[in-house]
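Remarks on the overall topology
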Amino acid sequence: MIFEKFMEETSERTVRALIGMSKAQFAKLCPIFEEAHAELQQERVQQGEIKRVPKGGHVGYLDRIDKKLFFILHYLKTYCTFDVLGFHFGFSSGHAHRHVAQLLPVLRRSLAKLDLLPERELTTPGEMMKLIEKHGDIIIDGVECSCVRPQDDDQQKAHYSGKKNAIRLKP
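Described below are features of the structure shown in this document. (Residues numbered from 1 in each chain as written. Predicted model: local features only at pLDDT ≥ 70, side-chain atom pairs only at ≥ 80, totals over all residues. Heavy atoms only, no water.)

1. A look at the overall build of the chain
- When helices and strands are tallied, the chain shows eight helices and zero strands.
- Reading the chain from its N end, one meets helices and strands in the order α-α-α-α-α-α-α-α.
- Expressed as a percentage of its 171 residues, the buried residues of the chain come to 25%.
- Accessible surface for the chain amounts to roughly 13400 Å². Of this, 54% is attributable to carbon and sulfur atoms. (Helix = DSSP H or I, 4+ residues; strand = E, 2+ residues; numbered from the N terminus. Buried < 20%, exposed > 50% of the residue type's maximum accessible area, 1.4 Å probe, protein only. Areas by Shrake-Rupley, 256 points an atom, 1.4 Å probe, with all protein chains shown as cover.)

Okay, structure coming up:
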């Protein structure tokens, strides 16, 4: 299916469009992803979430670690719906959701081992200065935040930006 076509793909542009990295980077990430996957499975056994590490049984489409890594990277790069994701990989949308939920922590741990996770929360200005010294340049992603709309009509009119004008019909 889609993984086999990916493995045959020679265009770096297409590979980056599918998973957001080169095949060489993908190959380097695979063993670390496999190690993180095994660690998380062992932790699940120790916490009593599962009785033993799954072995044998029904072999699904994501039967190898490289397919699992491709699956989660493809999902994060394209953000398609679970219906579409399941269609591409040959299983139901429910299975697609379950695989995403299981593989995201594995990828997160893999990237943490490589020290490639972005900083999400800074609590002090000193932490910000350390990041600037470490990386040189930083990018701050500003996100639009919703505001509470006043309930009073006069206050609403005072804060009205004029952007949402009524549709005018041509005479």
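So, next bit.
2. Examining the pattern of salt bridges
- Scanning all chains against the criterion turns up eight salt bridges.
- Here K113 makes a salt bridge to E35, at a shortest N to O gap of 2.6 Å. On the criterion of sequence distance, the pair formed by K113 in helix α6 (residues 93-113) and E35 in helix α3 (residues 23-46) is long-range, its members being 78 residues apart.
- With relative accessibility at 44%, the residue E35 sits in the partly exposed group.
- Between E39 and K113 there is a salt bridge, with its nearest N and O atoms 2.6 Å apart. On the criterion of sequence distance, the pair formed by E39 in helix α3 and K113 in helix α6 is long-range, its members being 74 residues apart.
- A single network of salt bridges, built from pairs that share partners, joins E35, E39, E43, R109 and K113. (Salt bridge = Lys/Arg side-chain N within 4 Å of Asp/Glu carboxyl O.)

3. Regarding the packing of helix α4 (residues 65-78) against helix α5 (residues 82-89)
- Where α4 contacts α5, the two axes come as close as 12 Å, and the packing angle between them is 145°. In the crossing of α4 with α5, the sense of the turn from one axis to the other is right-handed. Packed against α4, whose contacting residues are F70, F71, H74 and Y75, the element α5 presents F82, L85 and F89 at the interface.
- Looking at the contact of α4 with α5 residue by residue, the classes come out as six nonpolar, one polar and no charged. (Axes fitted to C-alpha atoms, helices over the stretch in contact; angles between N-to-C directions. Left-handed = near helix turned anticlockwise from the far one by under 90°. Contact = heavy atoms within 4.5 Å. Nonpolar A, V, L, I, M, F, W, Y, C, P; charged D, E, K, R; others polar.)

4. Regarding α6
- Between the first and last C-alpha of α6 there are 30 Å, a value that for 21 residues agrees with the 30 Å anticipated at 1.5 Å per step.
- At L103, α6 shows its largest kink, close to 25°, and the proline P105 lies no more than four residues downstream.
- Here α6 has its buried residues at A96, H99, V100, L103, V106, L107 and S110.
- Packed against the buried residues of α6 are α3, α4 and α5. (Expected span 1.5 Å × (residues − 1). Bend = angle between axes of the 7 residues up to and from the residue.)

5. What to know about the side chain of Q41
- Among the secondary structure elements, Q41 is positioned in helix α3.
- Taking the relative accessible area as the measure of exposure, Q41 reaches 12% and is therefore buried.
- In terms of polar contacts, Q41 uses its side chain to reach the side chain of R44, at 3.1 Å. (Polar contact = N/O pair within 3.5 Å; in protein donor to acceptor, adjacent residues only side chain to side chain.)

6. Details of the nonpolar core
- By size, the foremost hydrophobic cluster in this structure holds 30 residues, and its most contacted members are F26, L69 and F89.
- Among the elements of the structure, α1 (2-8), α2 (12-19), α3, α4, α5 and α6 are those that each provide at least two residues to this core.
- The biggest single contributor to this core is α4, with seven residues.
- Once residues within four sequence positions are removed from consideration, F26 is found in contact with F6, I19, M21, D66, L69, F70 and L73. (Core = buried A, V, L, I, M, F, W, Y, C linked by side-chain atoms within 4.5 Å.)

7. Some details on a nonpolar patch on the surface
- Taken together, the side chains of M129, I132 and I138 make up a nonpolar region of the molecular surface, amounting to roughly 230 Å² of accessible area.
- Inspection of the secondary structure assignment puts I138 in the loop between α7 (125-135) and α8 (153-159). (Patch = residues over 30% accessible without salt bridge, like charges linked within 9 Å, V, L, I, M, F, W, Y side chains within 5 Å.)

8. A closer look at α3
- An ideal rise of 1.5 Å per residue puts 34 Å on 24 residues; α3 measures up with 35 Å between its terminal C-alpha atoms.
- Taken as a whole, α3 carries its principal kink of about 30° at C30; the proline P31 stands between one and four residues after it.
- Residues of α3 that are buried: F26, L29, C30, F33, A36, H37, L40 and Q41.
- Where α3 is buried, its residues touch α1, α2, α4 and α6.
- Just beyond α3, the residue with positive phi is G48, at close to 80°.

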